[in-house]
Amino acid sequence: MKVLIVDDEVTIHRQLEQCLDWAQYGWEIVGHAYNGEEACQIVEQQQPDVILTDIRMPHMDGLQFLTWLKQSPSHAKVVVLSGYGDYEYSRAAFLLQVTDYLLKPVNEAELLHLLSRLEVELLQESQSRYQHREQQVALYQGLQLMQDEWISHLLNTHTRNENEIIVEAEQLKITVPEEAYHIVMIKLLDVNSSIVSRYQSDKGSFYFAVRNIVRESMAVYDEQTDIFRNLNGYHEFLFFQPVEKDRLTLQHMLKKIQVALSSYLRVSVKLGISARKKRIIAMESAYQEARHAVKQLRLGDRDTIAFYDELAGPAAVYPHAAAWEEIHEWLHMMLTTGALDSQMSLIDKLEQLLENSQLEQMTINELQTNITRLLQRLESEQKDEHTLMLLAQIRSSMQELDLEQMKHRLYELITYHMNQSSEQTKSKTARQLISQIKRYASEHYCTVTLEEISRRFFINKNYFCTLFKEENEESFLEFLTRIRMEQAKKLLLNTDLKTYEVAARVGYADARYFSQVFKRATGIQPSQFKQEQLGGKNGEVLNNFRSVE
């Protein structure tokens, strides 16, 4: 318990300081003031629990000091030190909510008894104030949760009566825009590391901080703005922004919010702004527009704010589209052929694509779309308990945009699939592998090479040629030539392409060489084949050929 002594007589200070062993009782004299002005300064600095004060003092007397104290936030108990002739002063002091009084010279026993009683009262009042604050916080949090739940429901509801929305908003003390508005969505990235490191995994405190920072950032522009958390999203907050500011002012305000959140919470922040809406019933579409705008932002720190009405134009061309297609193709080949001689190749390519310098150039939409596609492919192959658990973790971290966690779990899932598939691969027969390669070669007959087969199916070229011959009684080159010649016949009979054009279509850059290969396969030149078949000299052959098609 901290005690302040206020009196213009030095002897009173000495008597009070020496009459008790203050430390023995856990009390401390935190200041000596000799007039009301000094007392005000010490109260502000030390926040004493008990003030022992005289009434008659120079400059600012005790009554003036007590008047100031009553208007201050201090909860100190005040004891007046009065003489026998100070009745009128003491009476006025009690009107200023003085707790008690002591006559000078102060009696040691009376002082000890009074201070002990005040200590008990202070403890009880402190507990009461704490309970009151807890109740107020609980009521506030309860109302806030109800507001968040209401907003979150409306964001996913297509049809609602507008009058019902307005009435419900009034009941929940929500201010809905009466005129045109935007919805501003705030998306927080890399949240989990910040919550763990700065908020001891307390999400409630973190979300409380987010709301306060947004409100403080907007205070200059809007005195009172309701900030809502979308309970159906991942670390999403939003608010209604009346359409009354010019675009430059609005951008400045949003940039201030983004910088404040990034600086104080150490998270990445993206903001999306819907198109202009006239009625509150358009809330759901406004939210979808703001969400869409956010997903078009790149993951790096340069892109932070997107306006939906500025996104019009042709569909975006993603700079990493070719790299993603290669990843999807590698995954497809791994899962369909089971060729795992180089198991880490796929992960190596993913690591290259998902390194931070590459991720910063990707939009949120590009990343989420391609990761979703990978997961769907992996899920279609295997659905054991461990796979399903990893899939759920990856999808959750992807929606939260917890990128490090997402990458870690994705690599773990692919490695797990590889390990699970390796046993099946060991037992796969040569016939099954050759069958897979024949299907691939039939689809890519124009460009396929032995080098490509070796690379894609992780098999030595020489070993493959020997294996193919054993399984098919023809070499791979003979098989490929046969496929190409069959396609060439179809093109000759069903198109007006010249011989050199047909040659190019089936994989031969040299038309003369194509003619030689065609003659070896059919006994006649391409032009003669076309003339005979279409000229009707061998109608039966023509009909048979077309019936096969």
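From a predicted model like this one, the values you see are computed outputs, not experimental measurements.

Assigned secondary structure in the protein chain consists of 24 helices and 10 strands. Across the 549 residues that make up the protein chain, the buried fraction comes to 45%. Restricting to contacts in the protein chain with at least 6 residues of sequence separation, those with at least 24 account for 69%. Carbon together with sulfur atoms contributes 48% to the accessible area of the protein chain, which is approximately 29,700 Å² in total.

Before going further, it helps to examine the packing of aromatic side chains. Counting across every chain of the model gives 16 aromatic pairs. The interplanar angle of 25° and the centroid separation of 5.1 Å between the aromatic rings of Y25 and W27 together place this pair among those described as stacked. Judged by relative accessible area, W27 falls into the buried class, the value being 5%. Geometrically, the ring pair formed by F476 and F479 is tilted, given 6.4 Å between the ring centres and 35° between the ring planes.

Attention now moves to the side chain of K104. Within the element layout of this structure, K104 appears in the loop between β5 (100-103) and α5 (108-155). In this structure the side chain of K104 is engaged in a polar contact, spanning 3.1 Å, whose partner is the side chain of D54. Excluding its chain neighbours within four sequence positions, the residues that come into contact with K104 are D7, E9, I12, D54, L81 and S82.

The next point concerns the sheet that holds strand β3 (residues 50-54). Sheet architecture is open: five strands sit in the order β2-β1-β3-β4-β5, paired in parallel fashion. Here the strands that pair on one side only, and so sit at the sheet edges, are β2 (28-33) and β5. Neighbour to neighbour, the strand axes of the sheet diverge by 20° on average, direction disregarded. Here four bridges tie strand β1 (residues 2-6) to β3, and the two strands are oriented parallel to one another. Within β3, the residue paired with L4 across the bridge is I51. The sheet contacts of helix α1 (residues 10-19) involve β1, β2, β3 and β4 (77-82), and relative to β2 the element is tilted by about 180°. Each of β3 and β4 touches helix α3 (residues 62-71); the most contacted strand, β3, lies at about 150° to it.

Attention shifts here to the environment of S274. By secondary structure assignment, the location of S274 is in the loop between β9 (268-273) and α10 (283-295). We classify S274 as buried; its relative accessible area is 1%. S274 sits 34 residues away from Y308 along the chain, and the two C-alpha atoms are 5.2 Å apart. In this structure the side chain of S274 is engaged in a polar contact, spanning 2.9 Å, whose partner is the backbone nitrogen of I183.

Here we come to the side chain of E452. With respect to the helices, strands and loops of the structure, E452 is situated in helix α18 (residues 450-457). Here E452 falls in the buried class, since its relative accessible area comes to 12%. Not counting residues up to four positions away in its chain, the partners in contact with E452 are Y440 and T447.

Looking now at the confidence of the model for the protein chain. Across the protein chain, pLDDT averages 84, with 88% of residues at or above 70. Ranking the elements of the protein chain by mean pLDDT puts helix α24 (residues 539-548) last with 43 and β9 first with 95. Note that pLDDT drops below 50 for residues 537-549; the model gives that stretch 13 contacts with residues more than four away or on any other chain.

For the pair helix α20 (residues 476-494) and helix α23 (residues 526-535), interaxial distance at closest approach is 10 Å and the crossing angle is 55°. The angle between α20 and α23 falls in the class oblique. Once α20 is placed against α23, the crossing between them reads as right-handed. Across from K489, L492 and L493 in α20, the residues of α23 making contact are P526, F529, K530, Q533 and L534.

This part takes up the sheet that holds β9. One open sheet holds the five strands; their spatial order is β7-β8-β6-β9-β10, and the pairing between them is mixed. Of all strands in the sheet, those with a lone pairing partner are β7 (228-229) and β10 (305-307), marking the two edges. Two strands pair when backbone bridges link them, and β9 and β10 are joined in this way by three bridges, in the parallel orientation. Of the residues in β10, the one forming a bridge with L271 is I305.

What counts, and at which threshold
Along every chain, residues carry numbers that run from 1 in the direction the sequence is written. Totals for whole chains, interfaces and linings use every residue, but because this is a predicted model, local features are given only for residues with pLDDT of at least 70 and side-chain atom pairs only at 80 or more, for both listing and counting. Hydrogen atoms and water are omitted, and side-chain values are computed over all heavy atoms in the structure. Where helices and strands are cited, they refer to DSSP runs of H or I of at least four residues and of E of at least two residues respectively, numbered from the N terminus. Partly exposed describes any residue whose relative accessible area lies between the buried limit of under 20% and the exposed limit of over 50%, with all areas from a 1.4 Å probe on protein chains only and scaled to the type maximum. Whether two residues are in contact is decided by their heavy atoms, any of which lying within 4.5 Å being enough. Note on areas: Shrake-Rupley with a 1.4 Å probe; residue coverage comes only from the protein chains shown. Each Phe, Tyr or Trp ring, with Trp reduced to its six-membered ring, pairs with another whose centre is within 6.5 Å; inter-plane angles below 30 degrees give stacked pairs, above 60 give edge-to-face pairs, and intermediate values give tilted ones. Two N or O atoms count as a polar contact when they lie within 3.5 Å, although within protein this holds only if one can serve as hydrogen donor and the other as acceptor, and sequence-adjacent residues are included solely when both atoms are side-chain atoms. Paired strands, in this sense, are two strands between which DSSP finds at least two bridges. Under this scheme, a helix contributes an axis fitted over its contacting stretch, all axes are lines through C-alpha atoms, and angles between N-to-C directions fall in the 0 to 180 degree range. By definition, pLDDT measures how confident the predictor is in each residue, and it falls between 0 and 100. Orientation categories follow fixed angle ranges, with anything under 35 degrees roughly parallel, anything over 145 roughly antiparallel, 65 to 115 roughly perpendicular, and all other angles oblique. Handedness of a helix crossing follows the sense of rotation of the near helix relative to the far helix, less than a right angle counterclockwise being left-handed and clockwise being right-handed.

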